[in-house]
Amino acid sequence: QKEVEQDPGPLSVPEGAIVSLNCTYSNSAFQYFMWYRQYSRKGPELLMYTYSSGNKEDGRFTAQVDKSSKYISLFIRDSQPSDSATYLCATSRVGGDMRFGAGTRLTVKP
Amino acid sequence: GAVVSQHPSRVICKSGTSVKIECRSLDFQATTMFWYRQFPKQSLMLMATSNEGSKATYEQGVEKDKFLINHASLTLSTLTVTSAHPEDSSFYICSARSGGDTEAFFGQGTRLTVV
């Protein structure tokens, strides 16, 4: 079993839609949760970083963590074509290396 | 966010030669740097973790004699692909983390093509 599971998609939505991206993880020792956005042939860019269960909002992006079910989500409101990218979830322990999901390829169509 | 610069962004080399990729943290001290490999449409595969001044820790299946990692300063780590072969062609990405921080920041990646 992979430590972090993420549906690779692809996911295609119309502009303006709400996008929901999800991951599950298996190790309860993971305490930090991150979402990265990666455009084609570029390095990943940190979008959101959370520590505890609950929601964290930043503009159109909301990260949600449910430690009891080991489930993490990223919601994108009012999605734009510029949001088209691969989204990677990641988890880590204190001082430990990160474990990544497979990445979900998102396309937002105008 | 913090800036990590990776160079070169693209390199083509002949089979049998060695290639060095640099990863620099520009505005913070990177006590830990990570090197990843990524195949098309696949996720990041951790190759090794390096702490400044220490030997790198390689993931299972990664040949340490083939992928030489040096992390001699708090702002620079290098990955050298020795005696490169076409199967080493891939996208290599570094990331850097400062002290007790848990989020890491990525370089732009290096696309290596071995011909």
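Look above for the structure.
An account of the accompanying structure is given in this report. (Residues numbered from 1 in each chain as written. Chains lettered and ligands numbered in written order. Predicted model: local features only at pLDDT ≥ 70, side-chain atom pairs only at ≥ 80, totals over all residues. Heavy atoms only, no water.)

## Some words on empty space enclosed by the protein
All names here are of chain A. Counted according to the given criterion, the structure contains 1 cavity of 30 Å³ or more. Residue lining of the largest cavity: F33, M34, W35, T50, A63, Q64, V65, I72 and S73, and that is the complete set. Going through the elements one at a time, β4 (32-38), β7 (61-66) and β8 (71-76) are the ones with two or more residues in the lining of the largest cavity. Residues belonging to the lining of the largest cavity are distributed by class as follows: 6 nonpolar, 3 polar and no charged. (1 Å grid on protein atoms, 1.4 Å probe; cavity = no way out; pocket = protein on both sides within 12 Å on 5 of 7 lines; lining within 4 Å. Points joined across faces, edges and corners; volume = space filled by probe spheres on them. Helix = DSSP H or I, 4+ residues; strand = E, 2+ residues; numbered from the N terminus. Nonpolar A, V, L, I, M, F, W, Y, C, P; charged D, E, K, R; others polar.)

## What to know about the interface of chain B and chain A
One frequently used descriptor of interface size is the decrease in accessible area upon assembly of the parts. With 22 residues of chain B at the contact, the number on the chain A side is 23 residues. Of the roughly 1600 Å² buried between chain B and chain A, counting both surfaces, carbon and sulfur atoms make up 56%. At the junction of chain B with chain A, the criterion picks out 1 salt bridge. For B:E59, the salt bridge goes to A:R99, with nearest N and O atoms at 3.8 Å. Inspection of the chain B/chain A interface yields 4 residue pairs in polar contact (both at pLDDT 80 or more). Contributing elements (two or more residues each) for the side of chain B that touches chain A: β4 (32-38), β5 (44-51), β9 (90-97) and β10 (105-106) of chain B. (Contact = heavy atoms within 4.5 Å. Buried area = accessible area lost by both parts, 1.4 Å probe. Salt bridge = Lys/Arg side-chain N within 4 Å of Asp/Glu carboxyl O. Polar contact = N/O pair within 3.5 Å; in protein donor to acceptor, adjacent residues only side chain to side chain.)

## Overview of the environment of A:V13
Along the chain, the position of A:V13 falls in strand β2 (residues 11-14). Along the sequence, A:V13 and A:K109 sit 96 residues apart, while their C-alpha atoms lie 6.2 Å from each other.

## Some remarks on the packing of aromatic side chains
Taken as a whole and judged by the stated rule, the model has 12 aromatic pairs over all chains. Here the aromatic rings of A:Y32 and A:Y49 are separated by 6.1 Å at their centres, their planes lie at 5°, and the arrangement is stacked. Linking A:Y32 in strand β4 with A:Y49 in strand β5 (residues 45-50), this pair joins segments that are 17 residues apart in sequence. Between A:F100 and B:F106, the ring centres sit 5.8 Å apart and the planes meet at 70°, which makes this aromatic pair edge-to-face. Here A:F100 is found in strand β10 (residues 99-100), whereas its partner B:F106 is found in strand β10 on a different chain. For A:F100, a relative accessible area of 12% translates into the label buried. Judged by relative accessible area, B:F106 falls into the buried class, the value being 8%. Pairwise contacts between aromatic rings join A:Y36, A:F100, B:F34, B:Y36 and B:F106 into one cluster. Across the ring face of A:Y51, the terminal group of A:K67 is positioned such that the distance to the ring centre comes to 4.9 Å. (Phe/Tyr/Trp six-rings, centres within 6.5 Å; stacked < 30°, edge-to-face > 60°. Buried < 20%, exposed > 50% of the residue type's maximum accessible area, 1.4 Å probe, protein only. Lys NZ or Arg CZ within 6 Å of the ring centre and 35° of its normal.)

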